[in-house]
Amino acid sequence: SKHRLPVAENVLNRQFSPQGPNQAWGADITYLWTQQGWIYLAVVIDLNSRRVVGWAMDRRMTTSLVIRALMMAVNIRQPLPGLIDHSDRGSQYASHAYQALLKQRGLIGSMSRKGDCWDNAVVESFFGSLKQERVQWRHYQTRLEAQQDVLNYMTMFYNSYRLHSYLGYVSPNQYEAEMAKLKKAA
């Protein structure tokens, strides 16, 4: 976060348990090694269900990377204005373009305190799971191979089958389906 861009207040303030979907999202970037060089992964996670709802990968860690991940989440989930979008203080998230997109969509920007990874613990936990359960066992020859494998992990395993103690030992997809049934029945 060594930049002079404005930093948003920590609105989320470690409130990682919103009452429903699309009320608070966590966003961050990680990196993976391939024989062709680094590849960067930006994700957006719904804090209610722990579901990865947006992502983008690229060979560079740019503002467009995080904007693509956010736009994927916005286009798929169609959140109402007022959703909290929480990230670290990285220049990509503090950029004028990213902040303008949040404002245009009526989303509330929130940023972790300086150097405090616990303020974005849900996304950091996801990255830990990704790297321990999948990436550490792989030796990617190409960025494309890494992209395909990570995409498979997120969509086919993590969202669909990975059990979460926080969710009562169901997957994010199953949790959202059960919550939608309960809402419909009410």
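Quick look at the structure, then. (Residues numbered from 1 in each chain as written. Predicted model: local features only at pLDDT ≥ 70, side-chain atom pairs only at ≥ 80, totals over all residues. Heavy atoms only, no water.)

## Quick look at the overall build of the chain
A count of helical and extended segments in the chain gives six helices and five strands. In the chain, the order of α-helices and β-strands from amino to carboxyl end is β-β-β-α-β-α-α-β-α-α-α. A compact globule built from 186 residues should have a C-alpha radius of gyration of about 16 Å, and the chain, at 16 Å, falls within 12% of that. Its C-alpha atoms put the chain at 50 × 40 × 30 Å along the principal axes. With 186 residues in all, the chain has 49% of them scored as buried. Summed over its atoms, the accessible surface of the chain is roughly 10000 Å², and 53% of this surface lies on carbon and sulfur atoms. Of the charged side chains in the chain, 22 are positive and 14 negative, and the gap between their average positions amounts to 4 Å. (Helix = DSSP H or I, 4+ residues; strand = E, 2+ residues; numbered from the N terminus. Rg over C-alpha atoms; globule rule 2.2 N^0.38 Å. Buried < 20%, exposed > 50% of the residue type's maximum accessible area, 1.4 Å probe, protein only. Areas by Shrake-Rupley, 256 points an atom, 1.4 Å probe, with all protein chains shown as cover. Lys, Arg positive; Asp, Glu negative; His and termini not counted. Charge placed at Lys NZ, Arg CZ, Asp CG, Glu CD.)

## So, helix α3 (residues 96-105)
Within α3 the residues assigned to the buried category are Y98, L101 and L102. Seen along its axis, α3 keeps its buried residues to an arc of 100 degrees; they face one direction. Across α3 from its buried face, at more than 90 degrees, point the exposed residues H96, K103 and Q104. Positive backbone phi, approximately 75 degrees, marks G106, located one or two places after α3. (Arc of directions from axis to C-beta.)

## Observations concerning the pattern of salt bridges
Scanning the entire structure with this criterion turns up eight salt bridges. In this structure, E176 engages R51 in a salt bridge whose closest nitrogen and oxygen atoms are separated by 2.9 Å. Taken together, the residues E176 in helix α6 (residues 172-185) and R51 in strand β3 (residues 51-58) connect sequence positions 125 residues apart. Through salt bridges with shared partners, a single network forms among D46, R51, R77 and E176. (Salt bridge = Lys/Arg side-chain N within 4 Å of Asp/Glu carboxyl O.)

## A few points about the pairing of strand β4 (residues 84-87)
The two faces of β4 match: I84 and H86 on one face and D85 and S87 on the other face are all buried. In terms of strand pairing, strand β1 (residues 24-34) meets β4 through three bridges, oriented parallel. Looking across to β4, one finds that A24 is bridged to I84. As judged from the four bridges shared by β4 and strand β5 (residues 108-111), these two strands associate in the parallel manner. Considered in β5, the bridge of D85 is made with G109. (Pairing = 2+ DSSP bridges.)

## Focus: the sheet that holds strand β2 (residues 37-46)
Taken together, five strands build an open sheet; the order of strands is β3-β2-β1-β4-β5 and the sheet is mixed. Since the sheet does not close on itself, it has two edges, and those belong to β3 and β5, each with one partner. Sheet twist, expressed as the average angle between the axes of neighbouring strands with direction ignored, equals 25 degrees. Against the sheet, helix α5 (residues 143-158) touches β1, β2 and β3, its axis set at about 175 degrees to β3. (Axes fitted to C-alpha atoms, helices over the stretch in contact; angles between N-to-C directions. Contact = heavy atoms within 4.5 Å.)

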